[in-house]
Each structure stands twice: as structure tokens, then as C-alpha cells.
Amino acid sequence: RLAVCVRAHEAWGLAATEGVTEFRMKPETKFGKMMSAWCDQTGAATSADGVIFVLLMPGGAGGTRELSAEDSPASCGIASAKVAGVVEIEARPRNLPEPAAHAAELAIA
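Computed from a predicted model, the values in this text were never measured in an experiment.

Visitor: Requested: an account of the pairing of strand S5 (residues 86-93), with residues and values cited.
Guide: Of the strand pairs in this sheet, strand S1 (residues 2-8) and S5 are connected by 6 bridges, and their pairing is parallel. Residue pairing across strands places Val-6 opposite Ile-89, the latter belonging to S5. Both strand S3 (residues 51-56) and S5 contribute to a ladder of 6 bridges, which runs antiparallel. Along S5, the bridge assignment pairs Val-54 with Glu-90.

Here it is, written out as C-alpha cells:
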């Protein structure tokens, strides 16, 4: 089983300890199960309505990947805890502007 840590983006306004939920998942388990559990625990809207779950790529690879409910750790190339360590996922509000888009908005204003 893999250790999966979901952190709420700072825009949620949660305290650091309130915004972290840890899960244990089999590599073939779909992320939709984890997404539903996180939304239930935090009272957030479902991922289709208000939350985007973003995988922070493991192993120092950098980059991110938006997750769908049908994705699994295995489908994202994460098959073992030895390789991945703790799988980090960030829960972001769906309406959060992208950093580049937000910077452009500020420049116009």
C-alpha cells in the first residue's frame, strides 16, 4: 500500500493541520475513492463542482498532473512505496487562477 497525503491549497483558509489528510491506497485503487473521502471529511464540494486534485510528481521530477477520478497511482506511474515514498496531492479550488494568468490580470489592472 502507498501512503498518500492530500494537502488543502492555502486558498481554502484551513490551518496547516486541518488541511492535511493521509490515506493508504493500493496502486490499482482509483483516486475517485480518495477524492470522495477527502471531500466528505473537509465538507468541500465534489471534485466536479469545486475541487481539483493535483498530483505533485514524485521523485523530484517537478511538475504536476491534474487527477481524474478514474486515475490510480499505477496509471500515474506510481507502483510501489519504495519508489514513491509519500504520494503528495494538493486539493485546489477549481476557480483558483493559474499563476501566469493571475500575474497577467494584475499587470492589466
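Visitor: Explain the environment of Val-51 to me, and be specific about the residues and the numbers.
Guide: Here Val-51 lies in strand S3. With 41 residues separating them along the chain, Val-51 and Arg-92 place their C-alpha atoms 5.6 Å apart.

Visitor: Outline the pattern of salt bridges, listing residues and values.
Guide: Throughout the structure, instances matching the rule amount to 4 salt bridges. For Arg-7, the salt bridge identified is with Glu-88, shortest N-O distance 3.0 Å. Placement of the pair is Arg-7 in strand S1 and Glu-88 in strand S5, with a sequence separation of 81 residues. Under the relative-accessibility criterion, Arg-7 is labelled partly exposed at 38%.

Visitor: Now, about the confidence of the model for the protein chain: what can you tell me, with residues and values included?
Guide: The predicted model of the protein chain has a mean per-residue pLDDT of 77, with 70% of residues at 70 or higher. When the elements of the protein chain are averaged for pLDDT, helix H3 (residues 99-108) gives the smallest value, 45, and strand S2 (residues 20-25) the largest, 90. In the model, residues 100-107 has pLDDT below 50 throughout and makes 1 contact with residues more than four positions away in sequence or in other chains.

Procedures and definitions
Along each chain, numbering runs from 1 in the same order as the chain's sequence is written. Selection of residues for local features in this predicted model requires a pLDDT of at least 70, selection of side-chain atom pairs for listing and counting requires 80 or more, and totals for whole chains, interfaces and linings are taken over all residues. Here the side-chain values reflect all heavy atoms present in the structure, with hydrogen atoms and water set aside. The pairing criterion is simple: DSSP has to find at least two bridges between the two strands. In DSSP terms, a helix is any run of H or I states spanning at least four residues, a strand is any run of E spanning at least two, and both are numbered starting from the N terminus. What makes a salt bridge here is a side-chain nitrogen of Lys or Arg within 4 Å of a carboxyl oxygen of Asp or Glu, nothing more. Residue burial is assigned from relative accessible area. The probe radius is 1.4 Å, only protein chains are included, and a residue is buried under 20% of its type maximum, exposed over 50%, and partly exposed in between. Along the chain, pLDDT gives the predictor's confidence residue by residue, from 0 to 100. Whether two residues are in contact is decided by their heavy atoms: any pair within 4.5 Å suffices.

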